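# Per-entry structural report
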Amino acid sequence: MEKEDLNRILENLYFQYQPIVNIKSGEIYGYEALIRGFDTLGFKNPHQLFDYAYKNGFIFHLDIKLREKAIYEFSENFKMGQRLFFNLDSRIILSKDHKNGETLKILENLKIPSKMMVFEVSERFSLSEELIQRVFLYYKEQGFEIALDDFGVGSVCLEAIYKLSPDYLKIDGFFIEDFNKDFIKKEIVYSLSELCRKLNIKVIAEKIETKEDIYMLEEVEISLGQGYYIKKPSQLDKQEKLQLNVQLKRSKSEDVSYIKKYIKESITLYMDDSATTLMEILNKNGKDLKPIIILDKKGHPLSVISFKKMASILNNSIYMNLYFSRKDKLVSDLK
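Calculation notes
- Residues numbered from 1 in each chain as written.
- Predicted model: local features only at pLDDT ≥ 70, side-chain atom pairs only at ≥ 80, totals over all residues.
- Heavy atoms only, no water.
- Helix = DSSP H or I, 4+ residues; strand = E, 2+ residues; numbered from the N terminus.
- Buried < 20%, exposed > 50% of the residue type's maximum accessible area, 1.4 Å probe, protein only.
- Contact = heavy atoms within 4.5 Å.
- Areas by Shrake-Rupley, 256 points an atom, 1.4 Å probe, with all protein chains shown as cover.
- Pairing = 2+ DSSP bridges.
- Axes fitted to C-alpha atoms, helices over the stretch in contact; angles between N-to-C directions.
- pLDDT = per-residue confidence, 0-100.
- Polar contact = N/O pair within 3.5 Å; in protein donor to acceptor, adjacent residues only side chain to side chain.
- Core = buried A, V, L, I, M, F, W, Y, C linked by side-chain atoms within 4.5 Å.
- Parallel < 35°, antiparallel > 145°, perpendicular 65-115°, else oblique.
- Left-handed = near helix turned anticlockwise from the far one by under 90°.
- Nonpolar A, V, L, I, M, F, W, Y, C, P; charged D, E, K, R; others polar.
- Patch = residues over 30% accessible without salt bridge, like charges linked within 9 Å, V, L, I, M, F, W, Y side chains within 5 Å.
- Salt bridge = Lys/Arg side-chain N within 4 Å of Asp/Glu carboxyl O.

Further remarks concern the overall build of the protein. When helices and strands are tallied, the protein shows 15 helices and eleven strands. Buried positions account for 48% of the 335 residues belonging to the protein. Relative to all contacts within the protein whose residues are 6 or more apart in sequence, the contacts with residues 24 or more apart total 68%. A total accessible area of about 17,900 Å² is found for the protein, and carbon and sulfur atoms account for 51% of it.

Quick look at the sheet that holds strand 9 (residues 267–270) now. By definition, the strands of a sheet pair up through backbone hydrogen bonds, in either a parallel or an antiparallel sense. The strand order across the open sheet built from three strands is 9-10-11, with neighbouring strands paired in mixed fashion. Bordering the open sheet on either side are strand 9 and strand 11 (301–305), each of which pairs with just one other strand. For this sheet, the mean angle separating the axes of adjacent strands, direction not counted, is 30 degrees. As judged from the four bridges shared by strand 10 (residues 292–295) and strand 11, these two strands associate in the antiparallel manner. Looking at strand 11, one finds that Ile294 is bridged to Ser303.

Attention now moves to the confidence of the model for the protein. Caution is warranted with low-pLDDT regions, since their predicted coordinates should not be read in detail. Per-residue confidence for the protein gives a mean pLDDT of 81; residues scoring 70 or more make up 75%. Looking at the elements of the protein, mean pLDDT is at its lowest for helix 15 (residues 317–324), recorded as 54, and at its highest for strand 3 (residues 83–87), recorded as 97.

Time to look at the side chain of Glu32. Looking at the element boundaries, Glu32 is found in strand 2 (residues 28–36). Residue classification places Glu32 among the buried residues on the basis of a relative accessible area of 6%. Polar contacts involving the side chain of Glu32 include one to the side chain of Lys170, which spans 3.1 Å. Of the polar contacts made by the side chain of Glu32, one reaches the side chain of Gln226; its length is 3.1 Å.

Another aspect to go through is the nonpolar core. Within the largest apolar cluster, 71 residues are counted, with the highest numbers of intra-cluster contacts made by Leu13, Leu62, Leu84, Tyr139 and Leu217. The dominant element in this core, judged by the number of residues it contributes, is helix 3 (residues 59–73), at seven residues. Excluding residues within four positions of it along the chain, Leu217 makes contact with Ile23, Ile176, Phe179, Ala205, Ile208 and Ile222. The next biggest cluster of nonpolar side chains, apart from the first, holds eight residues, and it includes Ile20, Tyr29, Val118 and Ile204.

The next point concerns the packing of helix 3 against helix 5 (residues 102–109). Here helix 3 crosses helix 5 at 20 degrees, and the two axes come no closer than 10 Å. With respect to each other, helix 3 and helix 5 are oriented roughly parallel. Here helix 3 and helix 5 pass one another in a crossing that is right-handed. Residues Phe60, Ile64, Arg67, Glu68, Ile71 and Tyr72 of helix 3 pack against Glu102, Thr103, Ile106, Leu107 and Asn109 of helix 5. Of the residues in the contact of helix 3 with helix 5, the class split is six nonpolar, two polar and three charged.

Right, let's talk about the environment of Ile305 for a bit. As for its placement among the helices and strands, Ile305 is situated in strand 11. With 13 residues separating them along the chain, Ile305 and Ile292 place their C-alpha atoms 5.1 Å apart.

Secondary-structure assignment places Leu195 in helix 9 (residues 183–199). The class for Leu195 is partly exposed, based on a relative accessible area of 32%. Ignoring sequence-local partners within four residues, the contact set of Leu195 consists of Leu158 and Ile161.

Turning to the sheet that holds strand 4 (residues 117–121), a few remarks are in order. Taken in spatial order, the eight strands line up as 1-2-3-4-5-6-7-8 and close into a barrel, and their pairing is mixed. Running at roughly 175 degrees to strand 6 (residues 168–171), helix 9 makes contact with strand 5 (145–151), strand 6 and strand 7 (202–205) of the sheet.

On the surface, a cluster of nonpolar side chains totalling about 260 Å² of accessible area is made up of Leu158, Leu195 and Leu199. By secondary structure assignment, the location of Leu158 is in helix 7 (residues 158–164). On the basis of relative accessible area, Leu158 is assigned to the exposed category, the value being 52%.

Here it is as structure tokens:
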């Protein structure tokens with residue numbers, strides 16, 4: 001019965017692929033394989049499908065058959081140097097039908113190095129810390145790369161970076177959505193980018209849905225991204241590079257428009273404004289911190305005090321007293 005159930009499920013499942021792109025060059029770095037057809041089987045999402053397979057004891061057989069299908073469909077893309085990102089259900093290592101080395105055999109038949117396949121792992125399941133580490137080690141020892149998925153929400157936190165040492169960090173779409181308008185999200189994403197650069201972890205931004213998101217990723221120095229703005233999941237297309245290059249170019253007029261919008265949405269002060277005036281403005285806008293643009297007497301922008309700078313000031317009571325309690329202090333003293 002289990003074999004018949006497995007075959008029935010496999011007959012209805014197929015993959016669509018969403019590109020992960022270098023937003024600076026337009027080069028396609030890889031694709032994420034996304035399961036489709038689960039709804040025809042009565043499942044609301046892939047998680048429900050794999051929950052069913054896990055409970056009925058054939059989760060590994062289902063997973064390995066899907067891996068094999070995706071790998072063979074992706075064989076030509078491997079030759080172009082593109083990586084295949086594949087979502088991994090960590091529970092397969094607990095399955096009674098689990099076998100070691102099956103994925104390596106499939107790749108070896110096609111003469112594909114294991115490093116070209118990236119397993120995406122999240123901590124969605126209530127698995128022990130020891131088991132999650134075991135899964136990471138198991139696949140890394142075989143030469144596969146590992147991506148920590150859904151980072152920033154739920155239990156996927158900084159502790160996971162420390163203990164699991166992933167090759168990739170996929171920032172959850174919550175932090176990318178509208179982060180061109182949200183300075184707190186921007187600073188969080190930028191800080192993650194800086195941390196990962198020091199730890200030699202590649203960062204991928206998920207759910208890029210607007211042109212403005214692309215431009216903001218350049219500002220926070222993240223080069224890899226995926227989302228509907230770049231391309232929706234679809235069948236593999238070898239001619240996508242040129243299309244993406246065209247999409248990701250920013251015109252000079254757009255640059256000017258962005259700068260005007262940035263100034264409009266920021267707090268503007270003049271060089272000779274007093275620190276007490278600045279404090280009044282900060283108290284008034286404290287729940288919605290924005291960059292402060294310093295203007296000269298003619299209203300021309302001279303410099304910007306970033307959200308990060310303002311946050312450090314507001315979190316330091318001594319600093320605040322030094323600069324905001326004295327009437328002789330000016331905005332220009334904030335360096």
